[in-house]
Amino acid sequence: MSSEPEIQPPTTETPDESGEKISKKAAKKEAAKLEKMRRRQEQEEAARKTASLSLEDESSSRNYGDVTLTELQSTADPKAGKWREAVEGMKWTNVSELAEEIAGSEVLIRGRVHTNRPVSNKLGFVILRQSGFTVQCVVTESKERNVSVNMVKFLKQLSGESFVDVIGVVVLPKEPVTGTTQQVEIQVRKVYCVNSALQKLPLNVEDAARSEADIQAGKPGANQDTRLNNRVIDLRTPANQAIFRIQCHVQIAFREFLLSKGFLEIHTPKLIAGSSEGGAAVFRLEYKGQPACLAQSPQLHKQMAICGDLERVFEVGAVYRAEDSFTHRHLCEFIGLDVEMAIHKHYSEVMDIVGELFPFIFTKLEERCSKELEAIRKQYPFQPLKFLPKTLTIPFAEGIQMLKEAGVEADPLGDLNTEVERKLGQLVLEKYNTEFYILHRYPSAVRPFYTMPCADDSNYSNSFDVFIRGEEIISGAQRVHDPELLKEQAIRFGIDVDTIKTYIDSFRYGAPPHGGFGVGLERVVMLFCGLNNIRKTSLFPRDPLRLAP
């Protein structure tokens, strides 16, 4: 019996590299092996790149980073950290000093991050700000300059208002830089964060620096309460930086002029037993079991200094007024510029000092603070103050007559309110072309108890006020140096004479005729710069509603 041959199922064979045929299953196995090998090679290549990047970062990582607390604790170790090593032996350059003349120089600067504008992983722009001056810093990834991608990333994550130290080269940009005060750039070589600010701040400096025109155009701004509640940030604006530099220069010029005239600077107590001005606007407190108050002025003690033969004195110091005045020009605490001097013949001698002193101050501000005035004007536009070389002096009665002729009624024996003062200022400007003038011989009823009455009419006094832009800034007068008349007037003003006994007694030991004046520093700066609120010129204002910050 014959049998059929066995039929085998067909097979698919694939030639291998040697030309021999292999099965489909074996081919799949070989393909999987090759794929596994390819993936392993990719992983190894990636690892090699990562290792290479790590080595790059290791060599350049000392060029950037956060400064450690140890380095900032005034350590004597020059190798306490990478920042300390980088800045050792270098001198800081102020941002204001960065100019074309030092192009090509390597500098070390410190400033706040004003704006941070990353462009890519390899390029970023940061504007640093120092005391109102700004400069653009450019960081570009570069192996030649040892600036890594990670350094660019570090710069990118810096928050606004953080303090940063930058070491770099001053260069001239190809195109003029807009938005900075300095017209050069810094090519960054090293950057260190000295102190970082919160990512989100309660007040943005750029918003606080907006002008009224910018806000009306739709740009974000900040109201006064928000700014004052966050004053430490608000003070960083260019206008505020300028305001308090001008305030400083007012004091410098004030001292400079008076010292040249033979005046002596003194310091009087601010804790006193009785009211120095009379009235209810006094802060009362207990002083070791005795009633006391904060001085409303240095009035009593500067007069006592004259009685002590100091002859011509002045003071710059705090003044306290507990009045509930919710106006644009009143504060409960301010800095008083006070002057007192012996008089030879007439109280006009005091007015002569005022008439020379303030034009001197105004002129010095114009000469020494042009950049500051421009910074203020950019946010708060104003016209330069008009004043005469020889200060205009007008009797009070003449001022009343000018108002009457203009259709404004004013009490000839009363005080002028704010609206009437402004109207008179407008009339004086139109007639005499000055915004600074003296109005003298005020009614006695509106002056303090120590003011000397006029010899020819006791309804009026040997006193004066001084005005800038239609607002009163100075009160002055000849003082009563007769102890009996002084006592009589104090009683008439409701002052307990026992609380000012030592003051009255000082005139019983021989006292020269004398007079003086006082002015609020903040009000002078406010009106000279044409600002609309005295809180702008007080570093940390104190008014009836504000005791912090």
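Residues numbered from 1 in each chain as written. Predicted model: local features only at pLDDT ≥ 70, side-chain atom pairs only at ≥ 80, totals over all residues. Heavy atoms only, no water.

The chain carries the name aspartate--tRNA ligase in an unreviewed UniProt entry, which gives Brassica campestris as its organism. In UniProt, the chain has this text filed under Subcellular location (unreviewed entry): "Cytoplasm". Taken directly from UniProt, the Catalytic activity (unreviewed entry) text for the chain runs: "tRNA(Asp) + L-aspartate + ATP = L-aspartyl-tRNA(Asp) + AMP + diphosphate". (UniProt positions renumbered as here; feature names shortened; annotations may be inferred.)

Before we move on, can you summarise the packing of helix α12 (residues 396–405) against helix α13 (residues 418–432) with the specific residues and values?
Two elements in contact, α12 and α13, have axes separated by 10 Å at closest approach and are oriented at 90°. For the element pair α12 / α13, the angle class is roughly perpendicular. Residue-level contacts link Glu-398, Gly-399, Met-402 and Leu-403 of α12 to Val-420, Lys-423, Leu-424, Leu-427, Val-428, Lys-431 and Tyr-432 of α13. When the residues that make up the contact of α12 with α13 are grouped by side-chain class, the tally is 7 nonpolar, 1 polar and 3 charged. (Axes fitted to C-alpha atoms, helices over the stretch in contact; angles between N-to-C directions. Helix = DSSP H or I, 4+ residues; strand = E, 2+ residues; numbered from the N terminus. Parallel < 35°, antiparallel > 145°, perpendicular 65-115°, else oblique. Contact = heavy atoms within 4.5 Å. Nonpolar A, V, L, I, M, F, W, Y, C, P; charged D, E, K, R; others polar.)

So what about the environment of Tyr-450? Which residues, and what values?
In this fold, Tyr-450 is placed in the loop between β16 (436–440) and β17 (463–468). Note on Tyr-450: relative accessible area 3%, which makes it buried. (Buried < 20%, exposed > 50% of the residue type's maximum accessible area, 1.4 Å probe, protein only.)

Could you give an account of unusual backbone geometry, naming the residues involved and the relevant values?
Note the cis peptide between Ala-548 and Pro-549, where omega equals 0°. Considering the arrangement of structural elements, one finds Pro-549 in the segment after α16 (521–528). The phi dihedral of Ser-74 falls on the positive side, at around 55°, and the residue is not glycine. Turning to its location among the elements, Ser-74 is positioned in the loop between β3 (64–66) and α2 (82–87). A positive phi is found at Glu-161, a non-glycine position, where the angle reads about 75°.

For a nonpolar patch on the surface, give the residues involved together with the corresponding values.
On the surface, a cluster of nonpolar side chains totalling about 260 Å² of accessible area is made up of Leu-271, Leu-285 and Tyr-287. One can find Leu-271 in strand β10 (residues 271–272). Taking relative accessible area as the criterion, Leu-271 reaches 44% and is therefore assigned partly exposed. (Patch = residues over 30% accessible without salt bridge, like charges linked within 9 Å, V, L, I, M, F, W, Y side chains within 5 Å. Areas by Shrake-Rupley, 256 points an atom, 1.4 Å probe, with all protein chains shown as cover. Salt bridge = Lys/Arg side-chain N within 4 Å of Asp/Glu carboxyl O.)

Hey, could you go over the sheet that holds strand β18 (residues 471–478) for me, with residue numbers and the actual values?
With mixed pairing, 8 strands are arranged side by side in an open sheet as β9-β13-β14-β19-β18-β17-β16-β15. Both outer strands of the open sheet, β9 (264–265) and β15 (392–395), are each paired with one neighbouring strand and no more. One ladder, built from 2 bridges, connects β9 with strand β13 (residues 312–320); its direction is parallel. Across the sheet, the residue bridging to Glu-265 is Phe-314, located in β13. (Pairing = 2+ DSSP bridges.)

Which residues make up the pattern of salt bridges, and what values do they have?
Pairing of side chains with opposite charge becomes possible as their charged atoms draw close. Applying the stated criterion across every chain yields a total of 29 salt bridges. Taking the shortest distance from any N to any O, the salt bridge between Glu-471 and Arg-422 comes out at 3.3 Å. Here Glu-471, found in strand β18, pairs with Arg-422, found in helix α13; they are 49 residues apart in sequence, far enough to count as distant. Taken together, the salt bridges that share partners define one network made up of Lys-302, Asp-338, Glu-340 and Arg-479.

Residues and numbers for the sheet that holds β10, please.
Pairing is antiparallel in the open sheet, where 3 strands are placed in the order β10-β12-β11. At either end of the open sheet lies a strand with only one pairing partner, and these are β10 and β11 (284–287).

Describe the pairing of β15, listing the residues and the values that go with them.
In β15, alternate side chains face the same way, and those of Leu-392 and Ile-394 are buried while those of Thr-393 and Pro-395 on the opposite face are not. By the bridge criterion, 4 bridges tie β15 to β16 in an arrangement that is parallel. What sits directly across from Pro-395, in β16, is His-440.

So what's going on with the domain arrangement of the chain? Which residues, and what values?
Under the domain assignment used here, the chain contains domain 1 (82–195), domain 2 (205–235) and domain 3 (238–536). Computed from C-alpha atoms alone, the centre-to-centre distance between domain 1 and domain 3 is 48 Å. (Domains from an automatic or database assignment.)

Tell me what's going on with the side chain of Thr-134, and back it up with residues and numbers.
Relative to the elements of secondary structure, Thr-134 occurs in strand β6 (residues 133–140). Residue class for Thr-134 comes out buried when judged on its relative accessible area of 6%. The residues touching Thr-134, leaving out its near neighbours within four places in the chain, are Val-95, His-114, Ile-127, Leu-128, Arg-129, Gly-179, Thr-180, Thr-181 and Gln-182.

Before we move on, can you summarise the side chain of His-328 with the specific residues and values?
Looking at where His-328 falls in the secondary structure, it is placed in the loop between β13 and β14 (333–342). A polar atom in the side chain of His-328 sits 3.2 Å from the side chain of Arg-422. Excluding residues within four positions of it along the chain, His-328 makes contact with Arg-422, Glu-471, Met-526, Asn-532, Asn-533, Ile-534 and Arg-535. (Polar contact = N/O pair within 3.5 Å; in protein donor to acceptor, adjacent residues only side chain to side chain.)

Which residues make up the nonpolar core, and what are the values?
By size, the foremost hydrophobic cluster in this structure holds 55 residues, and its most contacted members are Phe-358, Phe-464 and Phe-517. A total of 10 residues in this core trace back to one element, the largest contributor, which is helix α8 (residues 238–260). If you look at the next biggest cluster of nonpolar residues, it comprises 25 residues, including Val-95, Val-135, Val-184 and Val-188. (Core = buried A, V, L, I, M, F, W, Y, C linked by side-chain atoms within 4.5 Å.)

Go over the packing of aromatic side chains with me, naming the residues and quoting the values.
Each pair of aromatic rings is reported with the distance of its centres and the angle of its planes. For the structure on display, the rule yields 13 aromatic pairs. Between Phe-362 and Phe-528, the ring centres sit 5.4 Å apart and the planes meet at 20°, which makes this aromatic pair stacked. Here the residue Phe-362 occupies a position in helix α10 (residues 348–368), and Phe-528 occupies one in helix α16, the gap between them amounting to 166 residues. On the accessibility criterion, Phe-362 (0% relative accessible area) is buried. Members of the aromatic cluster, each reached through a chain of ring pairs, are Phe-358, Phe-362, Phe-387, Phe-436 and Phe-528. The ring of Tyr-64 has Lys-82 sitting right over it, with the charged end atom 5.7 Å from the ring centre. The residue whose ring lies beneath Arg-377 is Phe-382, and the NZ or CZ to ring-centre distance is 4.3 Å. (Phe/Tyr/Trp six-rings, centres within 6.5 Å; stacked < 30°, edge-to-face > 60°. Lys NZ or Arg CZ within 6 Å of the ring centre and 35° of its normal.)

Describe the pairing of strand β7 (residues 163–171), listing the residues and the values that go with them.
Most of β7 is tucked away, with 7 of its 9 residues classed as buried. Summarising the sheet, strand β4 (residues 106–120) and β7 pair through 7 bridges and their orientation is antiparallel. Each bridged residue has a counterpart across the sheet, and for Gly-111 the counterpart in β7 is Val-164. Of the pairings in the sheet, the one linking β7 to strand β8 (residues 185–195) comprises 9 bridges and is antiparallel in character. Within β8, the position partnered with Val-166 by the bridge is Val-191.

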